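Here is how the chains run, residue by residue.
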Amino acid sequence: MKKLAIISTLILGLAATSCNNYMDINESPNSPKESDLNSSIVFPAAEMNLAGSYGDYLRIVGGYFAQYYVQTFGTSNYLDYSRFEQSATRSSSTYTQLNSRVLKSLQLVRNYAEQHEEWGDYLAATTLRAFTYQALVDCYGEVPYTEALDATNATPHYDDGKTVYNGILAELNDALSKAKPTDHVCTNFLFPGKTADSWIKFANALKLRILSRQSSVANSDPEIGALIAEGNFPTADVAYQGCWGTEAGAMSPFYAEEFATNWGSTQQNVVANIAIIGSMQVKDSEGGIVYDDPRLPAFFEKNGSGNYTGGISGTNFSTSSSYKSAYWCRPVASATMPVYLLTIAELYFFEAEYYARTGKTEEAKLAYGLAVAASFQTAGVDPSLAAGFVAQWPYDQSNYEKSIGIAKWIALAGVNPFEGYCELRRLKYPAFGSVKGTDMYNETDDSSYQPNKYVAGTLYTPIKCYGPVGEGNLLQRWPYAESSSARNSNTPSFPGYTTPIFWAQ
């Protein structure tokens, strides 16, 4: 593991110096020769840049927007996110990294693999390309796609999300038609030493996610049904794990950003939200525990007093004399924690949703239970204990979006907050309840903090919610990244923070 972590650090350096302009490498004596470039050099660099963006920035921002996280006492780094605010500048560096250091690198691999008929590499690069484009659409709604990655075109047209989704589905189908399970795949961190069979399964799972996410606006059920019937999906969570280390520069991205002190910083920002704490440790009106989710210790640490507490979105309790940093619960994290791309639980939730839409109630109920059990297993908890969760949050065919939405939101809280944010917007559950952030805490009065007012399985309007989002609304999309829009005259007019992505309309 240490060796892989060191290699990943070196590759990040390669990506930072060369991924933006591979075709001009002969201009620099410090760059590798063009004849020496191959998929095994370029592909791992793309992976680590993807893991860095997806496993850190998107995790953090998704966590605040999904009400998993709030800003801790005394600091303000992410207070804007806690208030459902996103600016064009805040996401710019991540947007640039995903385009310049991930998509451009993957395109280079695809071109090289196609030229040499290395179809395992072609499939792997295409799968991560589709994964990256989906994430970009799920943030911004529209992104350059058909005219993107062309060095001669500084003002690429923005494609609507549906076009991008259809495009990456076609790309996946094309790559799947070319690759055989036994095909060799270049050096990579996701499935090291594995053949294309692992990438075929991941590509199928990614197709299921893409098709399911657009199911409300496209007739994708026939394709979903065919995928489920074939059942050629991963048998374990797809994650970057085993490739991180405890050395500076080799740690898992979220831990390195929020927990590591190697860079001299001891500032803490991310703590638990009352919404997720109150939905995993359900209490009655008098504060008695009705249900205590066994996954809670795997997702969040106890506070300094040995309890689970959650803050309120939109404030950092900065005027408080009682609620200092030790009062709040931090996310569970480690230097070697995985960066999850897709979990078995998600696959079962998608299956449950498909069965529910097609009127197969018993199959939907079974898949729902399997999804919860798989989530328990990912958390390191005995899957048999999932029965207690199902009893607390039973499947309801008459409102399957609510059942699946709340269960999936909870399952993703400690695993993949960005996907939790996406599915929350799509399924529209948890929904906003009648209780608002200002009902649970008044910033000028410590005694006003009343977390027992929170209703399990609901969202709430943050204190000082960002005005353009407004009361009872989620931030549905992000402004187009300034790193693109400032130089691209073809950037469309921003449709507004509360305008849903195409799949949530």
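Residues numbered from 1 in each chain as written. Predicted model: local features only at pLDDT ≥ 70, side-chain atom pairs only at ≥ 80, totals over all residues. Heavy atoms only, no water.

Draft legend 1. Highlighting helix α8 (residues 221-230). I224, G225, L227 and I228 are the residues of α8 that are buried. With its buried residues spanning 160 degrees around the axis, α8 presents them on a single face. Seen from the buried face of α8, the exposed residues on the opposite side, beyond 90 degrees, are P222, A229 and E230. (Buried < 20%, exposed > 50% of the residue type's maximum accessible area, 1.4 Å probe, protein only. Helix = DSSP H or I, 4+ residues; strand = E, 2+ residues; numbered from the N terminus. Arc of directions from axis to C-beta.)

Draft legend 2. How the structure looks around the confidence of the model for the chain. Chain-level statistics for the chain give a pLDDT mean of 92 and a share of 92% at 70 or above. Contacts from residues 1-29, a stretch scored under 50 in pLDDT, to residues over four places away or in other chains number 51 contacts. (pLDDT = per-residue confidence, 0-100. Contact = heavy atoms within 4.5 Å.)

Draft legend 3. Summary view of empty space enclosed by the protein. Taken as a whole and assessed by the stated rule, the structure comprises 4 cavities of 30 Å³ or more. Quantified by volume, the largest cavity comes out at close to 80 Å³. Looking at the largest cavity, it is lined by 13 residues, and the ones nearest its centre are Y54, G55, R59, V339 and V415. Among the secondary structure elements, those contributing two or more residues to the lining of the largest cavity are α2 (39-65), β8 (339-342) and α16 (417-427). Among the elements that take part in the lining of the largest cavity, α2 stands out by supplying 3 residues, more than any other. Grouping the constituent residues of the lining of the largest cavity by class yields 9 nonpolar, 3 polar and 1 charged. (1 Å grid on protein atoms, 1.4 Å probe; cavity = no way out; pocket = protein on both sides within 12 Å on 5 of 7 lines; lining within 4 Å. Points joined across faces, edges and corners; volume = space filled by probe spheres on them. Nonpolar A, V, L, I, M, F, W, Y, C, P; charged D, E, K, R; others polar.)

Draft legend 4. A look at the environment of L50. Along the polypeptide, L50 turns up in helix α2. By relative accessible area, L50 is classed as buried at 1%. Sequence spacing of L50 and P468 is 418 residues, and the spatial spacing of their C-alpha atoms is 31 Å. With near-sequence residues (within four places) excluded, L50 lies in contact with G55, L98, V102, L128, F131 and T132.

Draft legend 5. Summary view of the packing of aromatic side chains. One pass over the structure, following the stated rule, counts 44 aromatic pairs. With a centroid separation of 6.3 Å and 5 degrees between ring planes, the pair formed by Y69 and F254 is classed as stacked. In this pair, Y69 sits in strand β1 (residues 69-71) while F254 sits in helix α9 (residues 253-258), placing the two residues 185 residues apart along the sequence. Using a relative accessible area of 0% as the deciding quantity, one classes Y69 as buried. Look at Y158 and Y480: their rings are 5.3 Å apart centre to centre, the planes differ by 65 degrees, and that puts the pair in the edge-to-face class. Here the residue Y158 occupies a position in strand β3 (residues 158-160), and Y480 occupies one in the loop between β10 (458-459) and α18 (482-485), the gap between them amounting to 322 residues. Accessibility classification places Y158 together with Y480 in one group, the buried group. One cation-aromatic arrangement involves K178 over W119; the distance from NZ or CZ to the ring centre is 5.6 Å. (Phe/Tyr/Trp six-rings, centres within 6.5 Å; stacked < 30°, edge-to-face > 60°. Lys NZ or Arg CZ within 6 Å of the ring centre and 35° of its normal.)

Draft legend 6. Spatial organisation of the pattern of salt bridges. Taken as a whole and judged by the stated rule, the model has 19 salt bridges. Note that K180 is salt-bridged to D183, the shortest N-O span being 3.3 Å. As a salt-bridge pair, R209 and E346 come within 3.0 Å of each other at their nearest N and O atoms. Here the residue R209 occupies a position in helix α7 (residues 196-213), and E346 occupies one in helix α12 (residues 344-357), the gap between them amounting to 137 residues. The pair R209 / E346 is uniform in exposure class, with both members buried. (Salt bridge = Lys/Arg side-chain N within 4 Å of Asp/Glu carboxyl O.)

Draft legend 7. Region of interest: the nonpolar core. Residues W199, F202, Y240, L341, Y368, W409 and W478 are the most contacted members of the largest nonpolar core, which totals 163 residues. Looking at which element gives the most residues to this core, the answer is helix α5 (residues 119-140), with 14 residues. For L341, the contacting residues outside a window of four places in its chain are Y54, L128, F131, L190, F202, R209, V238, A239, Y240 and N416. (Core = buried A, V, L, I, M, F, W, Y, C linked by side-chain atoms within 4.5 Å.)

Draft legend 8. Region of the structure containing unusual backbone geometry. Here the bond from Y429 into P430 is cis, since omega is 0 degrees, no more than 30 degrees from zero. As for its position among the elements, P430 is in the loop between α16 and β9 (431-432). Phi is positive for E117, which is not a glycine, with a value near 55 degrees. Summarising the element assignment, E117 is placed in the loop between α4 (92-116) and α5. In this structure E117 comes out as exposed when scored by relative accessible area, which is 58%. Phi is positive for K428, close to 70 degrees, though the residue is something other than glycine. The topology assignment puts K428 in the loop between α16 and β9.

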